Every structure is written in structure tokens, then in C-alpha cells.
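Here are the chains, one letter per residue:
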Amino acid sequence: MKTIRQLTLLFIAAVSALTLTAAEKPAGPKGGRLLESAPLKAEFFVTKDRKVEITFYDAALKPVAPDAQVVAVTAEPAAGRTALELEKTATGFVSKTALPAGEPYRVVVQVRATADARAQNFRLDLNLALCGECQRAEYACTCDH
Ligand SMILES: [Zn+2]
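Residues numbered from 1 in each chain as written. Predicted model: local features only at pLDDT ≥ 70, side-chain atom pairs only at ≥ 80, totals over all residues. Heavy atoms only, no water.

(A) Representation of the overall build of the protein in the model. A tally of helices and strands in the protein yields one helix and nine strands. Along the protein, from the amino end to the carboxyl end, the secondary structure elements read α-β-β-β-β-β-β-β-β-β. Within the protein, the fraction of its 145 residues that count as buried is 33%. Within the protein, counting contacts between residues at least 6 apart in sequence, those at least 24 apart form 46% of the total. In the form shown here, the protein has an accessible surface area of approximately 8,700 Å², with 58% of it arising from carbon and sulfur atoms. (Helix = DSSP H or I, 4+ residues; strand = E, 2+ residues; numbered from the N terminus. Buried < 20%, exposed > 50% of the residue type's maximum accessible area, 1.4 Å probe, protein only. Contact = heavy atoms within 4.5 Å. Areas by Shrake-Rupley, 256 points an atom, 1.4 Å probe, with all protein chains shown as cover.)

(B) The sheet that holds strand 6 (residues 86–89), seen in detail. Read across the open sheet, the five strands follow the order 1-2-3-7-6; overall the sheet is antiparallel. In this open sheet, the two strands that pair with only one neighbour each are strand 1 (33–35) and strand 6. Between one strand axis and the next, the sheet turns through 25 degrees on average, direction left out of account. (Pairing = 2+ DSSP bridges. Axes fitted to C-alpha atoms, helices over the stretch in contact; angles between N-to-C directions.)

(C) Region of the structure containing the pairing of strand 3 (residues 52–57). Counting buried residues in strand 3 gives five out of six residues, a clear majority hidden from the surface. As paired strands, strand 2 (residues 41–46) and strand 3 are joined by six bridges and run antiparallel to one another. Residue pairing in the sheet places E43 in a bridge with T55 of strand 3. In terms of strand pairing, strand 3 meets strand 7 (residues 92–95) through three bridges, oriented antiparallel. Paired with T55 across the bridge in strand 7 is G92.

(D) Local environment of the coordination of the zinc ion. At 2.3 to 2.4 Å from the zinc ion lie its protein donor atoms, namely C131 (SG), C134 (SG), C141 (SG) and C143 (SG). The site at the zinc ion holds four donor atoms, and with the angles between them running 105 to 113 degrees, its shape is tetrahedral. Donor residues for the zinc ion, ordered by position in the chain, follow C-x2-C-x6-C-x1-C. For C134, a relative accessible area of 21% translates into the label partly exposed. (Donors = N, O, S within 2.8 Å, 3.2 Å for Na, K, Ca; no water. Tetrahedral: all angles 85-135°; square planar, octahedral: opposite > 155°, others 65-115°.)

(E) Quick look at unusual backbone geometry. Residue P39 is reached from A38 by a cis peptide bond, and omega for that bond is 0 degrees. Tracing the sequence through the fold places P39 in the loop between strand 1 and strand 2. For the bond from E103 to P104, the omega torsion is 10 degrees, close enough to zero to count as cis. By secondary structure assignment, the location of P104 is in the loop between strand 7 and strand 8 (105–112). Non-glycine residue R50 carries a positive phi angle of around 65 degrees. Topologically, R50 is positioned in the loop between strand 2 and strand 3. Judged by relative accessible area, which is 23%, R50 ranks as partly exposed. Phi angles above zero are rare outside glycine, and L61 is one such case at about 60 degrees. What makes L61 partly exposed here is its relative accessible area of 34%.

(F) How the structure looks around the environment of E87. Relative to the helices and strands, E87 is located in strand 6. According to the relative accessible area criterion, E87 is partly exposed, its value standing at 37%. Residues E87 and V71, 16 residues apart in the sequence, show an inter-C-alpha distance of 9.8 Å. For E87, the contacting residues outside a window of four places in its chain are G92, F93, V94 and K96.

Honestly, that's just the spatial picture; any functional story needs more than this.
Below, the structure written as C-alpha cells:
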């Protein structure tokens, strides 16, 4: 009996270790950075014209409507912080304006399940250069370096 319980604990520990490793740098389906927001995951993606696109996904990474989710994106280049105005899309949000020049710089994405919910903050280093290893932009790089 005791052995079984120990084995179960070991198994649980092993599984959570695996989950942690896998969750460290998850890949966004569009090539962006997947944010571990709850209840829906959100992908931060920079379009060709430098707009920020936020896409919401369910647990199976299927794009879903944002419902009452609220998102705020703040760019923090050396020239000063800029809050990007967002408009709703079928599966998330897109910024009305392009990201300011001067990257790499910090971008803060704030996700709320509803307007009254506690904010979940995600800080990204906005670097649009391509990573030679995974061929994703550095801000969305899934490599271990
Ligand atoms: Zn990479």
C-alpha cells in the first residue's frame, strides 16, 4: 500500500516536471508568443505592418471568441510608454496603430477575463529579428538560449 502511494507521488512529480518543461516556451499557432493567461490562452503576434494581434485559444489551441475578455497592450520604447488602442476581432484584438520604432524594448500585455477581473500581466522583450534556430521572431523564439 505504502509503495503504491510512493509510486503515485513519484508519478505525479514526474508528470508535473514534464508539464513545466513543456510550458516553458510554448509555441503560438500563428508564430507568435503564447501567453499562459486563464481561462483562455492568448497569443501575442506582430503582423507584417507591425500591428499587435491578440488571438484567444481554448485548451486545445482552437481560436475562440474573446467574449468579455479585456486586453491592454503597452509598448515601452526608450522614447516613452505608449498604450496601443485595440479593436475587437472575431477571435481577439488587433491594434489600430503600428508598434513604435526603436525595438528591442519591453511590451506589457495585460489580460483580464472580464473588465472587473484581476489583471494578468505578461512582459515580453519585443525583438523582431528572426531566430536562426527556430525561424521564429526572437520575441516568440522557442529555443533554449
Ligand atoms: Zn529560436
